[in-house]
There are 2 protein chains.
Amino acid sequence: MTPEEARDRFAGARVARLATAGTDGRPHIVPIVFALAGDRIYSAVDQKRKRTTALRRLTNIASNPSVSLLVDHYEDDWGKLWWVRADGRARVLDPDRDEESREAIELLHRRYPQQRVAGAVLAVDVERWIGWSAA
Amino acid sequence: MTPEEARDRFAGARVARLATAGTDGRPHIVPIVFALAGDRIYSAVDQKRKRTTALRRLTNIASNPSVSLLVDHYEDDWGKLWWVRADGRARVLDPDRDEESREAIELLHRRYPQQRVAGAVLAVDVERWIGWSAA
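First things first, this report covers the structure right here in the doc.

Considerations on the relation of the copies chain A and chain B
Superposition of chain A onto chain B requires a rotation of 180 degrees combined with a translation of 0.0 Å along the rotation axis, giving an RMSD of 0.0 Å. Expressed as an axis order, the relation between the two copies is that of a two-fold axis. Comparing contact sets, 100% of the residues at the interface of chain A also lie at the interface in chain B, consistent with an isologous, same-surface contact.

Okay, structure coming up:
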């Protein structure tokens, strides 16, 4: 799969999974909703997820910006399996002060009118799109 | 959500995502099929995925056994969202020499008759089941 096709498939998904790792080396993984702008993935911490444990992605990124994101498709017919991974570096934006953050929230709101953004916005600058398809 | 309910929901899923991290701190994420035995998750590297890049989970685990696995459910009706995470430590078994590995392959084959196991079997000893549900 070409990086372009991997990116297109990623863009079409409604949910992705974000893996981060802290300085202790322990990986952490959460489902996220997201919006894509070129090779940048935006995601926001919304009200529902603003519990202490859910913020581990933010403390991890503060100490280690390397992240990996996954979109995958499963069926019991394994001839139809596919997945796409985006590896990159994450930044935490401040929703009150940052123009990029306002644009990200706008993009997210267009995709997910049901989201009420309440906290930080993540920007991931994708360095590598990788995909695999059984077909 | 109680750890027991988190475990039950995990057990019912057909696919999970496995996050590992190497000594360089870079997280890595792949979709996996799996079988559960108590608080142990088994997964195998099958033929289709035996490319060089797909083995990164194994080299990561060899240097850093901490892993995180995720099962999640997405719908645009966010009142129905849920996810379950399993944090634990992974071991790589040798399919040719290990009794546990033979049992794992048997469990996997029962769940996924379509899988042809060709490589290493992973065992994850789960230390923590965590779940969240919007409902």
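Some points on the packing of aromatic side chains
For any pair of aromatic rings, the description consists of the separation of the ring centres together with the inter-plane angle of the planes. Counting across every chain of the model gives 6 aromatic pairs over all chains. Taking the centre distance of 5.4 Å and the plane angle of 65 degrees together, the rings of A:Phe10 and A:Trp129 count as edge-to-face. Within this pair, whereas A:Phe10 is found in helix α1 (residues 3–12), its partner A:Trp129 is found in strand β7 (residues 117–133), the two being separated by 119 residues in sequence. Here the two residues A:Phe10 and A:Trp129 agree in accessibility, since each one is buried. Here A:Arg111 stacks its cationic end above the ring of A:Phe34, 5.0 Å away from the centre of that ring. Sitting above the plane of the B:Trp82 ring, B:Arg9 keeps its charged end 4.9 Å from the centroid.

Notes on the nonpolar core
Ranked by internal contacts, the top residues of the largest apolar core, which has 89 residues, are A:Phe10, A:Ile41, B:Phe10 and B:Ile41. Among the elements that line this core, the one with the most residues is β7(A), at 9 residues.

Focus on the interface of chain A and chain B
Where interface size is given, it is often the accessible area lost as the parts come together that is meant. Each partner contributes residues to the interface: chain A has 38 residues there, and chain B has 38 residues. The contact between chain A and chain B buries some 3,500 Å² in all, and 62% of this surface belongs to carbon and sulfur atoms. Counting the surface chain A buries against chain B, the share from its top three residues, A:Pro27, A:Ile29 and A:Trp78, is 20%. Note that B:Asp76 is salt-bridged to A:Arg14, the shortest N-O span being 2.7 Å. If you look at where chain A meets chain B, you find 10 residue pairs in polar contact (both at pLDDT 80 or more). Broken down by secondary-structure element, the contributors of at least two residues to the side of chain A that touches chain B are β1 (16–21), β2 (27–32), β5 (66–73), β6 (82–93) and β7 of chain A. Counting residues per element, the side of chain A that touches chain B draws most heavily on β5(A), which supplies 6 residues.

Concerning helix α3 (residues 99–111) of chain A
Taking 1.5 Å per residue, 13 residues should reach 18 Å; α3(A) reaches 19 Å between its end C-alpha atoms and fits that length. If you check the start of α3(A), you find a side-chain oxygen 2.9 Å away from the backbone N of A:Glu100, and it comes from A:Asp98.

Topic: the pairing of β2(A)
All names here are of chain A. Within β2, 6 of the 6 residues are buried, which leaves it mostly tucked inside the rest of the structure. Along β2, one buried face is formed by Pro 27, Ile 29 and Pro 31 and the opposite face, lined by His 28, Val 30 and Ile 32, is buried too. Here 6 bridges tie β1 to β2, and the two strands are oriented antiparallel to one another. Note on β2: the bridge partner recorded for Thr 20 is His 28.

What to know about the side chain of B:Ser43
Residue and element names in this part refer to chain B. With respect to the secondary-structure elements, Ser 43 resides in strand β4 (residues 40–46). A polar contact is formed between the side chain of Ser 43 and the backbone oxygen of Val 33, at a distance of 3.0 Å. Those residues in contact with Ser 43 that sit more than four places away from it in its chain are Ile 32, Val 33, Leu 108, Ala 120, Val 121 and Leu 122.

So, the pattern of salt bridges
Pairs can form between side chains of opposite charge whenever their charged atoms are close. Residue and element names in this part refer to chain A. The full count for this structure, using the stated rule, is 32 salt bridges over all chains. With a closest N to O distance of 3.3 Å, Asp 72 and Arg 17 form a salt bridge. With Asp 72 in strand β5 and Arg 17 in strand β1, this pair connects stretches of sequence that are 55 residues apart. Residue Arg 128 pairs with Asp 87 through a salt bridge whose shortest N-O separation is 3.6 Å. Placement of Arg 128 in strand β7 and of Asp 87 in strand β6 is noted, with a sequence separation of 41 residues between them.

Calculation notes
- Residues numbered from 1 in each chain as written.
- Chains lettered and ligands numbered in written order.
- Predicted model: local features only at pLDDT ≥ 70, side-chain atom pairs only at ≥ 80, totals over all residues.
- Heavy atoms only, no water.
- Least-squares fit on C-alpha atoms with pLDDT ≥ 70 in both.
- Contact = heavy atoms within 4.5 Å.
- Phe/Tyr/Trp six-rings, centres within 6.5 Å; stacked < 30°, edge-to-face > 60°.
- Helix = DSSP H or I, 4+ residues; strand = E, 2+ residues; numbered from the N terminus.
- Buried < 20%, exposed > 50% of the residue type's maximum accessible area, 1.4 Å probe, protein only.
- Lys NZ or Arg CZ within 6 Å of the ring centre and 35° of its normal.
- Core = buried A, V, L, I, M, F, W, Y, C linked by side-chain atoms within 4.5 Å.
- Buried area = accessible area lost by both parts, 1.4 Å probe.
- Salt bridge = Lys/Arg side-chain N within 4 Å of Asp/Glu carboxyl O.
- Polar contact = N/O pair within 3.5 Å; in protein donor to acceptor, adjacent residues only side chain to side chain.
- Expected span 1.5 Å × (residues − 1).
- Pairing = 2+ DSSP bridges.

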